[in-house]
Structure formats: C-alpha cells, structure tokens
Amino acid sequence: MRTRSWLLGFFGSTVLAIFLAIAQTSDANAQQSNGQKKNANADNQQDEGEKKFQQNCSRCHNAPESLSPRIAGTVIRHMRVRASISQKDAEAILHYLNP
Amino acid sequence: MLTNMSLFSRVSWMPYRLTGLLRTFLFIVCMLGSAAEAASQETPLLSGGMAFFTRTDGGNTSYILTTSPVLAAPLGKSFLIESRANLLEDFSPTKSGYDTSHFTGLSYLQLDYLATPHLTISAGYFLTPFGTYNERLSAIWIGNFQDSPLIFPIGIGTGSSSGFMVRGSAFSTQNYSIDYAAYFSCNSTNEQFQATRATGGRVGVYFPKKGLEVGTSYTRSLGETETNSYGVHLWWQPIDTPLRVRTEYAHSAHAAGYWIETDYRLSHFGGPESLIGRIEPVFRWQQFFRNSPDPTDGLPSVDTNQVEFGLNYRLPHEIRILTSYGRQFTPVGDLNTWRTGVVYRFLFPAWKGKS
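Residues numbered from 1 in each chain as written. Chains lettered and ligands numbered in written order. Predicted model: local features only at pLDDT ≥ 70, side-chain atom pairs only at ≥ 80, totals over all residues. Heavy atoms only, no water.

A. Focus on the overall build of chain B. Of the regular secondary structure elements, chain B holds 3 helices and 16 strands. Every one of the 355 residues in chain B was classed for burial, and the buried ones make up 51%. Nonlocal contacts in chain B, meaning residues at least 24 apart in sequence, comprise 56% of its contacts between residues at least 6 apart. About 15,600 Å² of surface is accessible on chain B, with carbon and sulfur atoms providing 64% of the total. (Helix = DSSP H or I, 4+ residues; strand = E, 2+ residues; numbered from the N terminus. Buried < 20%, exposed > 50% of the residue type's maximum accessible area, 1.4 Å probe, protein only. Contact = heavy atoms within 4.5 Å. Areas by Shrake-Rupley, 256 points an atom, 1.4 Å probe, with all protein chains shown as cover.)

What follows is the structure in structure tokens.
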C-alpha cells in the first residue's frame, strides 16, 4: 500500500514537473518570439528613420559625424521647422539619430 | 563687374550691430532653455560654422574670416526659439597694408509654435521663404560654393522678414509629400531687423521614390511700388546615388534668371569615408537677364552669364575644403573668379550637463 502511494506520488510529481517544464519552455519561446518581434520592430523603425533622414535631411546636408543624445530632440525640433518635416517623420528621424 | 551677392555682400547689406540685443537674447535663451532641459534629449544647442575664405576677382584678392553661430532652445513641448548670427571680418591687401572691414548681423531670431503635426507658426525675424537657396543653402557649412547665386536677391528683399509665418508639411505619404510656407512681413527700419513690407509663400511637392522635388514661390512687395516676384525650383537626388541636381528660376519686375548646380560625391570609390570618396566635384551654371535698371535691388546691373567648377573635400571632424574657379561673362567685360576656403561645422549642447 505504502509502495503504491509512493509510486502515485512519484508519478504525479513527474507529470507536474514535465507540465511545468513544458509551460516554462513555451513561455520562454513566447518571450523569445516577443523579443524577436521587438527587435524586428526596432530594426524597421531604424530603417524607416534612415529612409526619412535620406529623404528629408540629405537633400541639403550630410548627417553630423557625432550627435550628443542630449540635443537630439532639439536638433529634430529645429529641423522640423527649417525643413517643414511632419511630426511623424520627425519622430522617425529622431529614433534613427538616437535609437 | 562682379555684382554677385557673395557671402561678403550678403552680410554687408545687413549692417546690424549685435550689442545689447545679442547679450539680452543669449541671456533669455539661457534662462528659458534651462527650464526646457527637463526633457533629456532637448537641451538647447549651439551649432553653426566657422570659415576662412579667400576670394580673387579679376586679380584682386580678399580674405574673409567668418563665423555663423546658431542657437536653438526648446521651450516646453511646443515652442522653440532659434537664431542665427553672422560675424565677418574682411581683409583686402593694399599697397600700404590691409583694408579691413567688419560686419555683424542676424539672419533670423524667431519663436516657433508647433501648433499641430502639420502646422508651425513662427513670429519674429525669419528667413524669407522664397525659392530654396535662402533657407536651405545659405548656411556656410552647407553651400557648395562661397557665392550665392546671381538671382539670390529676387523675392527675398533684405533676405529676412519681420512679422509672422505659417509653415509645415501639409501631407506626407509613401509616394509624395507637400510642404508649404506663407508669411507677412512688416516694414522695419530697425537697425537689427531690417525688412520690407511684403507677403508671399512657397509650395513644394516631393516624390520620395524618385528623389524629385518641384516647387514654386511668390512674393508681393507691398512698398510704395507694389511688385510681384515669382520663382520655381526643381531638386533631384537619384535614389542610392550620391548625385544632387538643383535648379531654380526667379523672375522680378526688373530682372530674371536661373541657376543649375550639381554635385557628385565619389563615394563609389571605396566608400564615403575613403580618401577618394571624400572628394566632391561641383558645377554651377547661371544666367541673369536685366530687363530694366534698378540700383536698389542688389542684382547685377547688366546681363550676366557665369560658369563655375569646384572641387570640395570633406575631411573628418566636420571640416570641409571648398575650392572653385569661375568665369563671368558680361557685356562690359569678362572676369575670372577663384575661391578657396575651409569650413568647420560645430554642433554641441549649449552647456555641460548630465550625460
């Protein structure tokens, strides 16, 4: 009787462990998938920002060699007025200059 | 005869003195800007260019030291104060030494209100939005040539306007975008903010997939004699090619003309940072037609054709070397023009802060 209870306990614990392991793995996969999506989104945003920079800014000048993150927003606000850039494009360029 | 609106003359017809005004402005910018620093990316900035130029026109050489600082200070989430000044020292050799002259002036000092994603309202002293050169290429760290085009003064009056302006991007899609600017300027004889009474604007359409922009400008001068000026421009930057083609035509009551400019960076030879890839050949052709005399419009007094070839070199650390040779053809005689210069462009936070 005792042996049977021990076997049931062992079997239950194993099933629970396997279930938890599967759940954890699928959670990790989901997290990894989310991470990849986030990275893909970030890459897309970066590409979009670069494209907007080429279209709006490079028509007149090259990108500055270095740009302090502290003034990235000011530069964009300044250029939004100077170059008549829409707010959406300005945000994309800001993300490109200061990801 | 060289009546081109050069860098020198561009500033010389704005004989402003930046004394108490500039100090007051700097103080205001510093005080207000410090309040805006709460947003980590929006520290006020100090930008601009410093340059040393040499100019030889028909054998007469002069040397120019100039600096053109730009200040931009955000205020809250929707406002921006911005200004650009020009400080210039000119040396011309004479038999007994050097003749020197000094000029200081403001190009703009304006308050911008970002009213909506597609509308900005500006008030103060701003660059007149006519054509493309005045607003986009007149900064010394941007232009390919030292001299502005022959038709530069058409439609812009003193170069800047004193009043208010609305501007922005009306539409922006994947296929095209439309930008606009409209302004009204009061007559101002103030020594710091000279402007004439005028109204006008500009509309441009840009096709990003073609890299093509076309636009048109209009100015109506509302002085004692009301006159109209028109302009059209076309810019083309082929996709994935370091070639730029820009051209502009302008017409006023007394004159008309056009310029076409190309530049091509040799970045296909080892990349844009290679020894060869930093070279940028530039070319400009201009024609100017005088219809009737007007000694006050700042334009050449006779019909003029001009061709210019240049070779610019982009050094690291935002330093650029500009060289060009030009030949000017007029009914009263032809002229060689030689230009060399070195320009340093700077851009940094207006003050030290937490990184």
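B. Highlighting the overall build of chain A. Each helix and strand in chain A was counted, giving 3 helices and 0 strands. Put simply, chain A runs from its N terminus to its C terminus through helices and strands in the order α-α-α. The burial tally for chain A puts 30% of its 99 residues in the buried class. If you take every contact in chain A between residues at least 6 apart in sequence, the share linking residues at least 24 apart comes to 61%.

C. Spatial organisation of unusual backbone geometry. Residues and elements named next belong to chain B. One non-glycine residue, His317, lies in positive phi territory at about 65°. In this structure His317 comes out as exposed when scored by relative accessible area, which is 60%. Positive phi, close to 60°, is recorded for Glu318, a residue that is not glycine. Assignment of secondary structure puts Glu318 in the loop between strand E14 (304–315) and strand E15 (319–330).

D. Spotlight on the packing of aromatic side chains. For the structure on display, the rule yields 13 aromatic pairs over all chains. Seen from their ring centres, Phe53 of chain A and Tyr96 of chain A are 5.6 Å apart, and the 50° between their planes marks the pair as tilted. Taken together, the positions of Phe53 of chain A in helix H1 (residues 2–56) and Tyr96 of chain A in helix H3 (residues 87–97) put the pair 43 residues apart, joining distant regions of the chain. With a relative accessible area of 4%, Phe53 of chain A lands in the buried category. With 6.2 Å between their ring centres and 80° between their planes, Phe126 of chain B and Tyr183 of chain B make a pair best called edge-to-face. Placement of the pair is Phe126 of chain B in strand E5 (residues 119–127) and Tyr183 of chain B in strand E7 (residues 177–185), with a sequence separation of 57 residues. (Phe/Tyr/Trp six-rings, centres within 6.5 Å; stacked < 30°, edge-to-face > 60°.)

E. Main features of helix H2 (residues 72–82) of chain A. Residue and element names in this part refer to chain A. Here H2 lies mainly inside the structure; 10 of its 11 residues are buried. When H2 is considered as a whole, its buried residues turn out to be Ala72, Gly73, Thr74, Val75, Ile76, Arg77, His78, Arg80, Val81 and Arg82. Of the residues flanking the end of H2, it is Ser84, one or two places downstream, whose phi is positive at about 50°.

F. How the structure looks around the packing of H2 of chain A against H3 of chain A. Residue and element names in this part refer to chain A. Interaxial distance between H2 and H3 falls to 10 Å at its minimum, and their mutual angle equals 145°. Two packed elements cross with a definite hand, and for H2 against H3 that hand is right-handed. Residue-level inspection shows Ala72, Gly73, Ile76 and Arg80 of H2 in contact with H3, the latter providing Gln87, Ala90, Ile93, Leu94 and Leu97. For the contact of H2 with H3, a count of residues per class yields 6 nonpolar, 2 polar and 1 charged. (Axes fitted to C-alpha atoms, helices over the stretch in contact; angles between N-to-C directions. Left-handed = near helix turned anticlockwise from the far one by under 90°. Nonpolar A, V, L, I, M, F, W, Y, C, P; charged D, E, K, R; others polar.)

G. A nonpolar patch on the surface, seen in detail. Side chains of Phe171, Tyr176, Phe207, Val214, Leu234 and Trp236 of chain B sit close together on the surface and give an oily, nonpolar patch of about 500 Å² of accessible area. Within the element layout of this structure, Trp236 of chain B appears in strand E10 (residues 226–236). (Patch = residues over 30% accessible without salt bridge, like charges linked within 9 Å, V, L, I, M, F, W, Y side chains within 5 Å. Salt bridge = Lys/Arg side-chain N within 4 Å of Asp/Glu carboxyl O.)

H. Representation of H3 of chain A. All of the buried residues along H3 of chain A are Asp89, Ala90, Ala92 and Ile93 of chain A. Take H3 of chain A and look down its axis: the buried residues cluster within an arc of 160°, on one side only. (Arc of directions from axis to C-beta.)

I. Main features of the confidence of the model for chain A. Residue-level pLDDT values for chain A average 73, and 58% of them are 70 or greater. No element of chain A has a lower mean pLDDT than H1 of chain A, at 60, and none a higher one than H2 of chain A, at 93. (pLDDT = per-residue confidence, 0-100.)

J. A look at the pairing of strand E9 (residues 212–222) of chain B. Residues and elements named next belong to chain B. By the bridge criterion, 10 bridges tie strand E8 (residues 198–207) to E9 in an arrangement that is antiparallel. By the bridge assignment, Arg202 is partnered in E9 with Ser217. Hairpin remark: E8 followed by E9, antiparallel, with 4 residues in the connecting loop; positive phi at Gly211, about 65°. As paired elements, E9 and E10 share 11 bridges and run antiparallel to each other. Bridge pairing links Val214 to Leu234 in E10. Hairpin connection from E9 to E10: 3 residues lie between these consecutive antiparallel strands. (Pairing = 2+ DSSP bridges.)

K. The interface of chain A and chain B, seen in detail. In this assembly, 34 residues from chain A lie in contact with 57 residues from chain B. A buried area of about 3,500 Å², summed over both sides, lies between chain A and chain B, and 46% of it is on carbon and sulfur atoms. Sorting the residues of chain A by area buried against chain B places Arg59, Arg70 and Arg77 of chain A first, and these three jointly supply 26% of that buried surface. Where chain A touches chain B, the interface holds 3 salt bridges. Two residues, Glu82 of chain B and Arg82 of chain A, come together in a salt bridge whose shortest N-O distance is 3.3 Å. Where chain A meets chain B, there are 26 residue pairs in polar contact (both at pLDDT 80 or more). Elements represented by at least two residues in the side of chain A that touches chain B include exactly H1, H2 and H3 of chain A. With 9 residues, the single largest contributor to the side of chain A that touches chain B is H2 of chain A. (Buried area = accessible area lost by both parts, 1.4 Å probe. Polar contact = N/O pair within 3.5 Å; in protein donor to acceptor, adjacent residues only side chain to side chain.)

L. Region of interest: the environment of Thr241 of chain B. All names here are of chain B. Along the polypeptide, Thr241 turns up in the loop between E10 and strand E11 (243–251). Given a relative accessible area of 29%, Thr241 falls into the partly exposed group. For the pair formed by Thr241 and Ser267, sequence separation is 26 residues and the distance between their alpha carbons is 9.1 Å.

M. Region of interest: the nonpolar core. Residues and elements named next belong to chain B. Membership of the largest hydrophobic core comes to 29 residues, with the highest contact counts inside it found for Phe53, Leu137, Trp141, Ile151, Ile154, Phe288 and Val343. Of all the elements in the fold, those that place two or more residues in this core are strand E1 (45–57), strand E2 (60–75), strand E4 (97–116), helix H3 (133–137) and strand E12 (255–264). Beyond its immediate sequence surroundings of up to four residues, Leu137 is in contact with Thr132, Ile142, Gly143, Trp235, Arg246 and Trp259. Among the nonpolar cores identified, the runner-up in size contains 8 residues, and Leu45, Leu80, Leu114 and Leu347 belong to it. (Core = buried A, V, L, I, M, F, W, Y, C linked by side-chain atoms within 4.5 Å.)

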